[in-house]
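What the coordinates show
Each chain, written out:
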Amino acid sequence: MGPDVPLLNDYKQEFFLKRFPQTVLGGPRFKLGYCAPPYIYVNQIILFLTPWVLGGVGTLLYQLDIMKDYYTAALSGGLMLVTALILQLTNLHARQRTVTVERMQVPNTLTDEDEYEFSSCLGSETVKFIIPGKKYIVNTVFHSFLAGVMCGLGTWYLLPNRITLLYDNVGGTVMIFVFGWVTICIGEYSLIINTATETAAFQALDTYEITALMRPFYIFVFIAVDLAYRFAGNIPVLEQTNQILHILFLFLPFLWALGILPLLDALFLWGMEQVLEFVLGGSPMSSNIKLLVMFLISAGTAIASYFIPSTLGVVLFMTGFGFILSLNLMSPFVMIAFISLDCSLQNLHSVSVCIGFTRIFRMVWQNTENAMLDTVVVSIVQMLVFNTDVWWNRSLDTGIRLLLVGVIRDRLLQFISKLQFALTVLLTSWTEKKQRRKSSTTLITLNVVFFPVVLAFIAVSAVLSSPLLPLFTLPIFLIGFPRPIRSWPGSVGVTASVCSDTVYYKQMVPSLAAALQSALAAGSLGLFLPGSHYLCRFQDRLIWILVIERGFTYCCVNIKGLELQETSCHTAEAHRVDDIFAMAFEREEHAKTLSLNHHFGNILTPCTALPVRLYSDAKNVLSGIIDSHENLKQLKDDFVKVLVWVLVQYFYNKSKTCEKLDKADKDTDESFPINKKAFNNTVERPRSVRDEDSFSVETIEDWTDDSDLFDLEPTGRMRERKEMGPAATAPRMHLSIPGSVEMQSRDGALQKTPLEDKLHRPVVLGLPALDKGKKQEVLRLPSLEFSCSYSELLSIPEEWRTAPIPASKLNEMRQRFPEEWYHFILSQLDFFHLEEKPASLLEDLTKDKALKDLYIHGVLSCCFGLFGLDSTVPAPSHVFRAYTGGIPWSVGLDWLTGKPELFQLALKAFRYTFKLMVDQASLGPVESFKELVNYLEEYENDWYIGLVSDIEWQQAILKEKPYLFSLGHDPNMGVYTGRVLTLQKLLVQVGKLNGDAVRGQWANLSWELLYATNDDEERYSIQAHPVLLRNLTVQAADPPLGYPVYSSEPLHVPLF
C-alpha cells in the first residue's frame, strides 16, 4: 500500500459530511443524501429555535420590568417543560398509529442512511424522523423535566441586564446573548428532539441514553458558577471566573464538535481516577466497580481524619489506613517520620490538612518512589524560599504543597511525553518514505507556522490528562476527551479474538507473570506505574502488557497476545521491533565499535530480557526425508512394529484399569483364572450395529447383466438366500446395486431394515465386477482357545480381525509380522498390578499362538486399511494423507474407520512411525529393540504427535507436554514441513512503549471507528508505521476496535 491511501473512502466521506453538521448543531439533519420535502427542514428549524422563543418571552417581560428575573426563569422553564412533554407524546402517538410490526430495536451506526417516505407535514413518518423518541418512559419524563429546568436557568443566565453588569459593554452583551442562546438551543435539541452522535464516543452502544445528557450537563456547570456568584455576594474571584465562563460558553458547540469534552460516563470515571490518584494518594483501578469502591473508602478516610482530635491519633490513623489501602515496603518510614513532625498537623480541623496529609500518608505506601521525589522537591523549595510572606509559606500547608508538586510533576512528564509523540508523528511524516503523502509538506508547514497553537494544544492535553489525538495519525493534532487511564470502558480481559494461536499465549502467561515479579523487584522495567505499556517479543509472538493498577506489594496487569499469522503490515513493524531489540541486547557484534542509535524517536525503548517457560517453535522442510525411497520403505516396515507396540500397550494399560475396577467391585478373595464373560463385559466397549457388521471380498454376491440396477429387492439366488434367514450355512453379502457391498451381522443373519434405512446404508464403491459362476475364496474366522488364561488381558476384540482380506493375501502378509519384536514387547511387561500371577506368566504369553494370531490379524487388518493389499512403497502424498487422516476411500479404510477405537490406535501408530522415520533420518538408524522401545516410550510420555488443528494439540500445550510435532504442507513451495515445539525456559525481550503515543493512537482509533465508522481494512491509519508501531497498537486495542487473540483477566503480580 502506498502512502496516499485514502483516509476515508468515497462512501465514508459522504457519510461523514452528513454526520458532522448534525453533531455540530446537536441533532438536526439538514443533509440527508436524498430528496426530502421542504417541511422536513422547516420543522427542524422551528423546533431548534423553540427554546429561544420561549426564553425570549421571559426575557422580554423582564426587560420591560413586568416580571422579576426568577419569575421570568420559572415562566420560560414551565413553557419549555410543557412543550417537551407535548413533543414526546406526539412521538408516542405517531408510533402507536404505525400498523407495521417493528422488530426489536438494535442500535445501528448507519441509521443516518435510512430513507423515509414522507406523506405530510405532521404525518407519522415525519414525526418519527424528526423526533425519534426515547426508549424508556422514565427518560421521557426526566429529559423533559431537565429541558424545562435548562431553559429556565438559561433564560436567567443570559438576561441582557445581568450580562451588561458583568462586562459593561453593549456589543459584548449582544454577542453573548445571541450565541449563548444558540448554545442552549443545541443542548435542548440534543436532549428532547434528536440526540446527535458525539465525536467523543466512549461506548460502542448507548444503552441507557446517557449521551443525551452530555451537553445539558456542561451547560448546567456554567450556570452553576453564575448562580454561586449571584448568591455568594461580591467575591472578585467568582466574578472573574463568571466573566471568563460567559465567554467560553459561546464556544461550547465547538468543544462538543471537536470531542474535547467527554461524555458523562467517561467524565465521571476519569474524575474519580484523578481525584483518587492525585488528591487521595491512591492508584487507578482495574475495573469501574473497584474504582468506585476505592474512591468511596479513600474519601471516607479523609473525612474521618477531620474529626480526630489529637495529632498522634491523626498520624496513626492516616498511616494505618494508607498502608491498608495500598498494601505495597521500600522504606516509607523515613518519610512518615518527616511528615509527622510537620507543624501543620497542629491545625487539625482544617479541610486542607485532612486532604493533603491523608493523600501523602497514603502515597508513601501506594507510590513510594514518586512520594519520595515530591518530598525532596518540597524540602528543597522550603529551604530556598526564605521570605515567610510568600504565598507558598503563608497560604499552603505541607500536605497541599506536596499535592501541588505531585500534580505538577505528573503533568510535566505528560507534557514531555506528548511533545515527543507529536514530534515523532510530524517528523516521520516526511522521513519515512512510506508515510510521505502529497499533503505532508503542507501539514509540516502549518505545524511550524502555528507551532505556538500546537504547543498550547499539547499543554492543555497534558493539564487535562487526556490523549493528544493525531487525526488519522497525521500531524493534525486535536485534544482528545479525558478518559480513564486504561482507555476503554469495558471490563479488562473479557473479550478477545480467540483463535488457534490463543493457546500459546495462555500457556506462557503464568510464567511471564512470575518473571515480571523478579524484574519489578530488580527495577529492570523502570517505574512500573498505572498506564505504562510494555511490548514483549519472542520468535513470532508479540505480547502487550498494560499496567492498570499498583499497590505497595502488588501491581495489576493486563497481558494481551497479538496474532501470529503475520500480515505485511504486521511483519514490517515486527521486524523493526526485532532490530531494536537486537541492537540493544546483542552487544557482542557492536562491542568494539561506537554506533549511533538508528532508532532514536521510536516509541519503543528496550528494557530487559526475562526468562520465561514457553514453547520455542522450529519449522523444517522435510525434503530429502519424506521423498526418500529407502525411508518410505522403512516406514512401511516400521509401522507394523510400532502398531504391535501400541496395541500391546493399549490393552496392557486397559488391564490395569480393569483390575482396579475388579478390586472395587469384587471380594478380595476372588482370584484367577479370570471369568471370561465378566472380563469381556468390562473390557469390550458396547458395539453399535455398524461395529458388529463385517464383510469380505469373498462374500460378494454374483452379478450379471440381467440384474436391475435400481432393484430394491434381491432376485434369484439372493432372494432364496434371504428367505433362508439364519438357517443359511454359508452367509454372503447381498447386493442391490452392482459394485456395492452391504454389511451383514456377525452371526451371519441379514439385517432386516426398512426401505429408507436400506437406502442410507454405507455403500462400498469401486470393487471390480466378478464373473458369474467363479467360486471365491471364503475366509473363515477360526474359534480361538488361549493356552494361557492371562491372554484375555491382552486379547483383541473379535471384530478387529474381520477385515475383508482374501485368504491368499492374508497368508502372504503374515510373513511381514515381526515375531521377535512381538516376543520382545511381551517380555518387557511386568504385570505388577496383578496380585497373584504365576512365575512363568510372560513365557506362557509368548508361547500362546492364539494370542499371536489375534495380533497378526489385527495388525495386518490395519495395514490393509492404510496401505491396501499392494506391497509397493507408499508415495509421499499418501504418507501425508495417512498422517492427517485423509487418505482416499477404499474398502479397507471403510472397514477401519468403522472401528473408531482401532482407527485412532492405527493413526497414532502411523504418526509415531513417521516421527521415528524423521528421527532416524536425522540421528541415525535404530540398532536394537531396546532403543526402539526407548523411542516409543519417549513419544508416549513426552511428545504429542499430531496436527496443529487437533483439539488435543491445544490440550497438550496447556498441559505443557515437553515436545509437540506436526506434519504440514506448504502449497506455495510444494514442500512438506515438520514443526516441532519445545518447552523450555528462554529469554523474552521486553521494551517500554511511550504511553501517550499509545493512548493518542487509540483515541484516533475510537474516533475513527465509533464516529466516522471508518472500518476499511486498508485504511491509512492501520498501515504499517515502523516508528509509531501503528498496526501493532491498533491490534492491541480492546475489541471490538482491536483484535488481540488473547487478553488476560487482571493479573495481580507480587512486587516482593
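Residues numbered from 1 in each chain as written. Predicted model: local features only at pLDDT ≥ 70, side-chain atom pairs only at ≥ 80, totals over all residues. Heavy atoms only, no water.

Under the annotation held in an unreviewed UniProt entry, the protein chain carries the name Pecanex-like protein and is attributed to Alligator sinensis. In its Sequence similarities (unreviewed entry) section, UniProt records this for the protein chain: "Belongs to the pecanex family." As recorded by UniProt, the Subcellular location (unreviewed entry) comment attached to the protein chain reads in full: "Membrane". (UniProt positions renumbered as here; feature names shortened; annotations may be inferred.)

1. Things to note about the overall build of the protein chain
Of regular secondary structure, the protein chain possesses 38 helices and 11 strands. Across the 1056 residues that make up the protein chain, the buried fraction comes to 50%. Within the structure as shown, the protein chain displays about 49700 Å² of accessible surface, and the carbon and sulfur contribution to it stands at 62%. (Helix = DSSP H or I, 4+ residues; strand = E, 2+ residues; numbered from the N terminus. Buried < 20%, exposed > 50% of the residue type's maximum accessible area, 1.4 Å probe, protein only. Areas by Shrake-Rupley, 256 points an atom, 1.4 Å probe, with all protein chains shown as cover.)

2. Considering the pairing of strand S8 (residues 963–970)
Two elements, strand S7 (residues 943–946) and S8, share four bridges in a ladder whose sense is parallel. By the bridge assignment for S8, Ile-945 is matched with Phe-965. For the crossover that starts at S7, traverses helix H36 (residues 951–958) and ends in the parallel S8, the hand is right-handed. Here eight bridges tie S8 to strand S9 (residues 975–993), and the two strands are oriented antiparallel to one another. What sits directly across from Asp-970, in S9, is Val-975. (Pairing = 2+ DSSP bridges. Right-handed = clockwise from strand over helix to strand, strands pointing away.)

3. Structural notes on the pairing of S9
Bridge analysis of strand S3 (residues 533–538) against S9 gives five bridges, and the strand direction is antiparallel. Residue pairing across strands places Tyr-534 opposite Lys-992, the latter belonging to S9. When strand S6 (residues 604–621) meets S9, the two strands line up antiparallel, connected through 17 bridges. Pairing of Val-621 across the sheet is with Thr-977, part of S9. Hairpin remark: S8 followed by S9, antiparallel, with four residues in the connecting loop; positive phi at Gly-974, about 70 degrees.

4. Observations concerning the packing of helix H18 (residues 398–431) against helix H37 (residues 995–1011)
Think of two packed helices as two axes; the pair is described by the angle between the axes and how far apart they sit. Where H18 contacts H37, the axes come no closer than 8 Å and their chain directions differ by 65 degrees. Handedness of the H18/H37 crossing: right-handed. Between H18 and H37, the residues in contact are Gln-414, Ser-417, Lys-418 and Phe-421 and Asp-996, Ala-997, Gly-1000 and Gln-1001, respectively. Here the residues of the contact of H18 with H37 sort into two nonpolar, four polar and two charged. (Axes fitted to C-alpha atoms, helices over the stretch in contact; angles between N-to-C directions. Left-handed = near helix turned anticlockwise from the far one by under 90°. Contact = heavy atoms within 4.5 Å. Nonpolar A, V, L, I, M, F, W, Y, C, P; charged D, E, K, R; others polar.)

5. Comments concerning unusual backbone geometry
For the bond from Pro-1039 to Pro-1040, the omega torsion is 10 degrees, close enough to zero to count as cis. Despite not being glycine, Asp-168 shows a phi value in the positive range, around 55 degrees. Positive phi, normally seen in glycine, also occurs at Glu-209, with a value near 60 degrees. Looking at the element boundaries, Glu-209 is found in the loop between helix H7 (170–193) and helix H8 (214–232).

6. A short note on the side chain of Ser-966
Note on placement: Ser-966 falls in strand S8. Ser-966 sits in the buried class, given a relative accessible area of 5%. At 3.5 Å, the side chain of Ser-966 forms a polar contact with the backbone oxygen of Gly-946. Not counting chain neighbours up to four residues away, the residues in contact with Ser-966 comprise Tyr-883, Gly-946, Leu-947, Val-948, Trp-953, Thr-977, Gly-978 and Arg-979. (Polar contact = N/O pair within 3.5 Å; in protein donor to acceptor, adjacent residues only side chain to side chain.)

7. Comments concerning helix H1 (residues 10–25)
Its 16 residues give H1 an end-to-end C-alpha distance of 24 Å, which sits within 8% of 22 Å, the value for a rise of 1.5 Å per residue. Inspection of H1 places Lys-12, Phe-15, Phe-16, Lys-18, Arg-19, Gln-22 and Thr-23 among the buried residues, and these make up the whole buried set. Where the residues of H1 are buried, they touch H8, helix H10 (252–257) and H37. (Expected span 1.5 Å × (residues − 1).)

8. Some details on the pattern of salt bridges
Within this structure, the stated rule accounts for 24 salt bridges. Across the salt bridge formed by Asp-950 and Arg-911, the nearest N and O atoms sit 3.5 Å from each other. One end of the pair, Asp-950, is in the loop between S7 and H36; the other, Arg-911, is in helix H34 (residues 900–923), and 39 residues separate them in sequence. The burial state of Asp-950 is the same as that of Arg-911; both residues are buried. Each member of the salt-bridge network shares a partner with another, and the members are Asp-69, Asp-226 and Arg-230. (Salt bridge = Lys/Arg side-chain N within 4 Å of Asp/Glu carboxyl O.)

9. Details of the packing of aromatic side chains
Applying the stated rule across the entire model yields 41 aromatic pairs. Measuring from centroid to centroid gives 5.3 Å for Trp-821 and Phe-929, while their planes differ by 65 degrees, and the two rings are edge-to-face. Placement of the pair is Trp-821 in helix H29 (residues 819–827) and Phe-929 in helix H35 (residues 929–942), with a sequence separation of 108 residues. We classify Trp-821 as buried; its relative accessible area is 0%. Ring-pair connections join several aromatic residues into one group, and the members of that group are Phe-16, Phe-20, Phe-472, Trp-1007 and Tyr-1011. Taking the ring centre of Phe-278 as reference, the NZ or CZ of Arg-411 above it sits at 4.9 Å. (Phe/Tyr/Trp six-rings, centres within 6.5 Å; stacked < 30°, edge-to-face > 60°. Lys NZ or Arg CZ within 6 Å of the ring centre and 35° of its normal.)

10. Things to note about a nonpolar patch on the surface
There is a patch of nonpolar side chains on the surface, built from Phe-30, Ile-45, Leu-49, Val-53, Val-57, Leu-75 and Leu-79 and spanning about 520 Å² of accessible area. At the level of secondary structure, the elements contributing two or more residues to the nonpolar patch comprise helix H2 (38–63) and helix H3 (69–97). Here the element with the most residues in the nonpolar patch is H2; it accounts for four residues. Mapped onto the fold, Ile-45 is located in helix H2. Classification of Ile-45 by relative accessible area gives partly exposed; the value is 43%. (Patch = residues over 30% accessible without salt bridge, like charges linked within 9 Å, V, L, I, M, F, W, Y side chains within 5 Å.)

11. Description of the confidence of the model for the protein chain
Parts of the prediction with low pLDDT should not have their coordinates interpreted in detail. Of all residues in the protein chain, 83% attain a pLDDT of 70 or more, and the chain-wide mean is 82. Scored below 50 in pLDDT, residues 99–112 makes 14 contacts in the model with residues more than four places away or belonging to other chains. Confidence over residues 667–779 falls short of pLDDT 50; this stretch has 152 contacts with residues more than four positions distant or in other chains. (pLDDT = per-residue confidence, 0-100.)

12. Concerning H18
Helix length check: H18 (34 residues) gives 49 Å between terminal C-alpha atoms against 50 Å at 1.5 Å per residue, within 8%. The N-cap of H18, judged by a side-chain oxygen 3.1 Å from the amide nitrogen of Gly-399 a few residues on, is Asp-397.

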